[in-house]
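Fold and contact review
Chain by chain, the residues:
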Amino acid sequence: MNLIRATEAEVLADAPGSRITLLTDTDTLTSNRATFEPGATGAPPHFHTKATEVFFVLSGRLDVLLDEEVVTLGEGDFLTVPPRVPHAFAPAAGSPADVLVTFTPGMDRFDYYRLLDRVNRGEADPREIRESRERYDNHYVDSPVWRV
């Protein structure tokens with residue numbers, strides 16, 4: 001059993017206009033709440049080799065790159081992204097987004113979010129993110145579709 005009270009959850013800022021609330025990080029499940037203000041950059045194109053990433057939109061709208069296609073999710077929409085599928089996400093133009101994000105199996109990911117927070121605050125070198133790709137199973141890729 002794992003109970004996380006909202007008032008006790010760790011909240012990080014991984015980029016301007018973006019907050020990550022850490023919920024659970026176990027061998028079977030990693031989960032966070034990602035809250036984006038309009039115009040936030042979100043997550044760049046990447047893939048995972050071991051985990052399925054799950055998105056549930058609590059409110060707002062979220063643009064998601066799925067391989068070579070961009071789809072927009074709205075409140076109540078649910079999406080699973082299997083391992084090795086390139087994806088990215090950010091709030092849709094002019095919209096905020098509040099999203100429950102879950103990985104299964106879990107992947108000891110909270111330290112990755114803490115690294116993003118340190119980079120955002122200027123306390124860590126952005127190169128550390130790319131250097132940590134194997135440890136956190138986060139492999140960045142280029143996507144001309146997402147750049148548009």
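Residues numbered from 1 in each chain as written. Predicted model: local features only at pLDDT ≥ 70, side-chain atom pairs only at ≥ 80, totals over all residues. Heavy atoms only, no water.

**What to know about the overall build of the chain**
If you tally the helices and strands in the chain, you get four helices and 11 strands. The C-alpha radius of gyration computed for the chain amounts to 14 Å, which stays within 12% of the reference 15 Å derived for 148 residues, consistent with globular compactness. Principal-axis analysis of the C-alpha atoms places the extent of the chain at approximately 35 × 30 × 30 Å. Across the 148 residues in the chain, those meeting the buried criterion constitute 44%. In the chain, once contacts between residues fewer than 6 apart in sequence are set aside, the share between residues at least 24 apart is 69%. (Helix = DSSP H or I, 4+ residues; strand = E, 2+ residues; numbered from the N terminus. Rg over C-alpha atoms; globule rule 2.2 N^0.38 Å. Buried < 20%, exposed > 50% of the residue type's maximum accessible area, 1.4 Å probe, protein only. Contact = heavy atoms within 4.5 Å.)

**Remarks on the pattern of salt bridges**
Using the criterion set out here, one finds eight salt bridges in the structure. Here Arg-121 and Asp-117 are joined by a salt bridge, their closest N and O atoms 2.7 Å apart. Arg-121 gets classed as partly exposed once you look at its relative accessible area, which sits at 47%. Classification of Asp-117 as buried rests on a relative accessible area of 8%. Across the pair Asp-125 and Arg-127 runs a salt bridge, and its minimum N-O distance is 2.7 Å. (Salt bridge = Lys/Arg side-chain N within 4 Å of Asp/Glu carboxyl O.)

**Description of the sheet that holds strand β7 (residues 69–73)**
Here we have five strands laid out as an open sheet, ordered β7-β6-β9-β4-β11, and antiparallel in their pairing. The sheet is open, and its two borders are formed by β7 and β11 (139–140), each paired with just one other strand. As paired elements, strand β6 (residues 62–66) and β7 share five bridges and run antiparallel to each other. Considered in β7, the bridge of Val-64 is made with Val-71. (Pairing = 2+ DSSP bridges.)

**Describing the pairing of strand β10 (residues 97–104)**
In terms of burial, β10 is largely enclosed, as six of its eight residues are buried. Note: strand β5 (residues 52–60) against β10, eight bridges, orientation antiparallel. Looking at the pairing, Gly-60 lines up with Ala-97 of β10.

**Focus: the layout of surface pockets**
Approximately 460 Å³ is the volume attributed to the largest pocket. Lining of the largest pocket is provided by 26 residues; of these, Gly-42, Ala-43, Pro-44, Leu-116 and Tyr-140 occupy positions nearest its centre. Top element by residues in the lining of the largest pocket is strand β4 (residues 43–47). It accounts for four residues. Its residues assigned to classes, the lining of the largest pocket comprises 17 nonpolar, five polar and four charged. (1 Å grid on protein atoms, 1.4 Å probe; cavity = no way out; pocket = protein on both sides within 12 Å on 5 of 7 lines; lining within 4 Å. Points joined across faces, edges and corners; volume = space filled by probe spheres on them. Nonpolar A, V, L, I, M, F, W, Y, C, P; charged D, E, K, R; others polar.)

**Notes on the side chain of Asn-138**
Assignment of secondary structure puts Asn-138 in the loop between α3 (133–136) and β11. Here the side chain of Asn-138 touches Arg-109 through a polar contact of 2.8 Å, side chain to side chain. Excluding residues that lie within four positions of it along the chain, Asn-138 makes contacts with His-46, Phe-47, His-48, Arg-109, Tyr-112 and Arg-133. (Polar contact = N/O pair within 3.5 Å; in protein donor to acceptor, adjacent residues only side chain to side chain.)

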